[in-house]
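Chain residues, written in single-letter form:
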There are 2 protein chains.
Amino acid sequence: MSLTTTFLGTAGSIPTPERSLPAILIQRENEQVMFDCGEGVQRQMIKAKTGFHKKMKIFITHMHGDHVLGLPGLLQTMALLDRKRKLEIYGPVGVKSFLECTRETVQFVLTFPIELFEIKTAGIICDEKEYTVQAAWANHVIPSFAYVFTEKTRPGHFYPAKAKKLGVPEGPLWSRLQDGQEVIVPHGRVVKPEEVLGKPRLGRKIVYTGDARSVKNLVRFGANADLLIYDSTLDDSLADKAEEDGHSTPSQAARAARKMGAKLLVLTHISARYPENDLLLKQAQRIFKNTIVAEDFMKIEIPFPED
Amino acid sequence: MSLTTTFLGTAGSIPTPERSLPAILIQRENEQVMFDCGEGVQRQMIKAKTGFHKKMKIFITHMHGDHVLGLPGLLQTMALLDRKRKLEIYGPVGVKSFLECTRETVQFVLTFPIELFEIKTAGIICDEKEYTVQAAWANHVIPSFAYVFTEKTRPGHFYPAKAKKLGVPEGPLWSRLQDGQEVIVPHGRVVKPEEVLGKPRLGRKIVYTGDARSVKNLVRFGANADLLIYDSTLDDSLADKAEEDGHSTPSQAARAARKMGAKLLVLTHISARYPENDLLLKQAQRIFKNTIVAEDFMKIEIPFPED
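Residues numbered from 1 in each chain as written. Chains lettered and ligands numbered in written order. Predicted model: local features only at pLDDT ≥ 70, side-chain atom pairs only at ≥ 80, totals over all residues. Heavy atoms only, no water.

Colleague: How should helix α11 (residues 278-285) of chain B be read in this particular structure?
Modeller: Side chains of residues three or four places apart in an α-helix project in the same direction, reflecting 3.6 residues per turn. Residue and element names in this part refer to chain B. Inspection of α11 places L280, Q283 and A284 among the buried residues, and these make up the whole buried set. One side of α11 carries all its buried residues, which in axial view fall inside an arc of 95 degrees. Looking at α11, the residues exposed on the side facing more than 90 degrees away from the buried face are D278 and K282. Each element contacted by the buried residues of α11 is listed here: α10 (250-260), β14 (265-268) and β15 (291-293). (Buried < 20%, exposed > 50% of the residue type's maximum accessible area, 1.4 Å probe, protein only. Helix = DSSP H or I, 4+ residues; strand = E, 2+ residues; numbered from the N terminus. Arc of directions from axis to C-beta. Contact = heavy atoms within 4.5 Å.)

What follows is the structure, encoded as structure tokens:
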């Protein structure tokens, strides 16, 4: 089951020739989960060849323009391309009136249904068969969420040889064992799933802070992330300004990554004042070695631990 | 007096990797006039190094998203960069409520005043000391304007030798002659400006159709354009679809250019179905030789005829 994160936009509040405004696309098999939807996202999707017809959910962290102004144009292009499939949009209070008023004043007709969820409290906001998305309050200058995408734990690998040895005939009983249920074999013995399955396979976890000061509540929420995507708008020397503007620095991101036990830290929301990544990277890597600075169109694949 | 037109976005309704959404920037000395403001325009301006602080007027042709969705992000970036100078925005009815509702729902604080003009009738909508902008109804699927930027006629070159010969002493009388006024020289003789000036210098004229079917009313309006920028969304073989969608084809644009006596025809609003320009160019050049197909960041300088 492939799980790819594509950075469609990695700029801070103002784009640069190299960085478009914030948008991150997680693709899990044929399904897409987008975090933030900055201006220009539709063109970035075209460049990254992501398609506009897939099953898709969009999660907006907060209602600052650089994180949300790509939404109307994306919807218009989907409609022009005759998308039929429902689109789910999640965001803080305000996203509904933003979408309604742009649809009223900029004339376009949707060809597909939108299901809109205004998030009012932290917690699991989206519970799918194979994954959840959870929101936590981030500490920014306006109400803002951090999001965690977590795959659910799946039963371990099924070993047919073990099942046969225990007398379980091939067929429906095998499926029930694979689903984690006990079965009774013809001789009357109970076979438990753990007798024929490997250990349960933990899902993968992607954490995105959105715009956020680096505060404690994110640590537990983002624990053991395979991929931790962290606001790193300004470098350490501008920590005071970062604090004032509701952002983080590389060192703060790196300390959080260490506390969270993250596997990989990606710094994003990079201010236009840094045409090179070196400084930000150096500041973070002093504390957390496995750090990279996001760039537009960068792709990160997370393998299953057991695969 | 330099006059440069920069094509910031040349796509049809959907952007492509090569073409951003519609926006055309005329720069006359230190003043900017923008026609349309499609999504991504702020990043295109950054790439083209146009600056965000100059005296500027924006003219929106119509309220389709691909022509207007770049406006909120542009305003936000101007505010983040602490613009102080007033920005003038002209557009059809609807542009005001669009801007108001995005400013209410997407939170940002402007640092500069906006003067907003909703155009309700065709005619001269902006009359500056040295130029005018005129609007004409275009024939599209929703109310839409075409715009003409016209420099005013300036007095001809002043010839000091002629003035001296006629006994006009250097000083204030020269200025009055240069401004086109008669003066009386010390001996009592009246000197007329045409005795010391070359012929009046006609201003330059740039015509932009916006999205438009090719109809007659544009011809008189756009007569003798130095630069005629014309909707050419679809090629000739799709003329029926162009008609239905309210657009034009290369042949239609070329015929209009010939009728208008244009000096140069630029085809724009190019559908994503044309990765190459050859077909559109060929269809237009059969009728009007001096045609080019717009590309993003293309710049066209129009010299003064007499310079």
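Colleague: For this particular structure, what's the right way to read the relation of the copies chain A and chain B?
Modeller: The two chain copies are related to each other by a rotation about an axis together with a translation along it. Turning chain A through 180 degrees and shifting it by 0.0 Å along the axis lays it on chain B, with an RMSD of 0.0 Å. When the rotation and shift are considered jointly, the pair of chain copies conforms to a two-fold rotation axis. If distances are taken from each C-alpha of chain A to the rotation axis, the shortest is found for A:G40, at 2.7 Å. (Least-squares fit on C-alpha atoms with pLDDT ≥ 70 in both.)

Colleague: Help me understand a positive patch on the surface, please; the structure alone is not making it clear to me.
Modeller: All names here are of chain A. A cluster of basic residues, K216, R255, R258 and K259, forms a positive patch on the protein surface. Take R255: it is sitting in helix α9 (residues 250-260). Residue class for R255 comes out partly exposed when judged on its relative accessible area of 38%. (Patch = residues over 30% accessible without salt bridge, like charges linked within 9 Å, V, L, I, M, F, W, Y side chains within 5 Å. Areas by Shrake-Rupley, 256 points an atom, 1.4 Å probe, with all protein chains shown as cover. Salt bridge = Lys/Arg side-chain N within 4 Å of Asp/Glu carboxyl O. Lys, Arg positive; Asp, Glu negative; His and termini not counted. Charge placed at Lys NZ, Arg CZ, Asp CG, Glu CD.)

Colleague: What exactly am I supposed to notice about the domain arrangement of chain A here?
Modeller: Interfaces are often sized by the amount of accessible area the parts lose when they come together. Per the domain assignment, the segments of chain A are domain 1 (3-154 + 201-301) and domain 2 (160-195). A C-alpha centroid distance of 43 Å is found between domain 1 of chain A and domain 2 of chain A. (Domains from an automatic or database assignment.)

Colleague: Looking at this model, I keep getting lost on the side chain of A:T16. Mind explaining?
Modeller: If you trace the backbone, A:T16 turns up in the loop between β1 (3-9) and β2 (23-28). Classification of A:T16 as buried rests on a relative accessible area of 9%. Those residues within four positions of A:T16 in sequence are excluded, and the remaining contacts are A:A272, B:R43 and B:I46.

Colleague: Would you take a moment to explain the sheet that holds strand β8 (residues 131-138) of chain A for this structure?
Modeller: What holds strands together in a sheet is hydrogen bonding between their backbones, with the strands either parallel or antiparallel. Residue and element names in this part refer to chain A. The sheet built from seven strands is open, its strands ordered β7-β8-β9-β12-β13-β14-β15 with mixed pairing. Both outer strands of the open sheet, β7 (123-127) and β15 (291-293), are each paired with one neighbouring strand and no more. Pairs of neighbouring strands in the sheet enclose a mean axial angle of 20 degrees, with direction left out of account. As judged from the three bridges shared by strand β12 (residues 205-208) and strand β13 (residues 227-231), these two strands associate in the parallel manner. Counted as the bridge partner of V207 is L228 from β13. (Pairing = 2+ DSSP bridges. Axes fitted to C-alpha atoms, helices over the stretch in contact; angles between N-to-C directions.)

Colleague: Can you help me understand the interface of chain A and chain B in this one?
Modeller: On the side of chain B, 40 residues touch chain A, which itself brings 40 residues to the contact. Buried surface at the junction of chain A and chain B, both sides included, amounts to about 2,900 Å², of which 62% is carbon and sulfur. Our count for the contact surface shared by chain A and chain B stands at zero salt bridges. Where chain A touches chain B, the interface holds ten residue pairs in polar contact (both at pLDDT 80 or more). Looking at the side of chain A that touches chain B, the elements that each hand over two or more residues are α1 (41-48), α2 (65-68), α3 (71-80) and α4 (95-105) of chain A. Of the residues forming the side of chain A that touches chain B, the biggest block, six residues, is contributed by α1(A). Tallied by class, the residues present in the side of chain A that touches chain B amount to 16 nonpolar, 17 polar and seven charged. (Buried area = accessible area lost by both parts, 1.4 Å probe. Polar contact = N/O pair within 3.5 Å; in protein donor to acceptor, adjacent residues only side chain to side chain. Nonpolar A, V, L, I, M, F, W, Y, C, P; charged D, E, K, R; others polar.)

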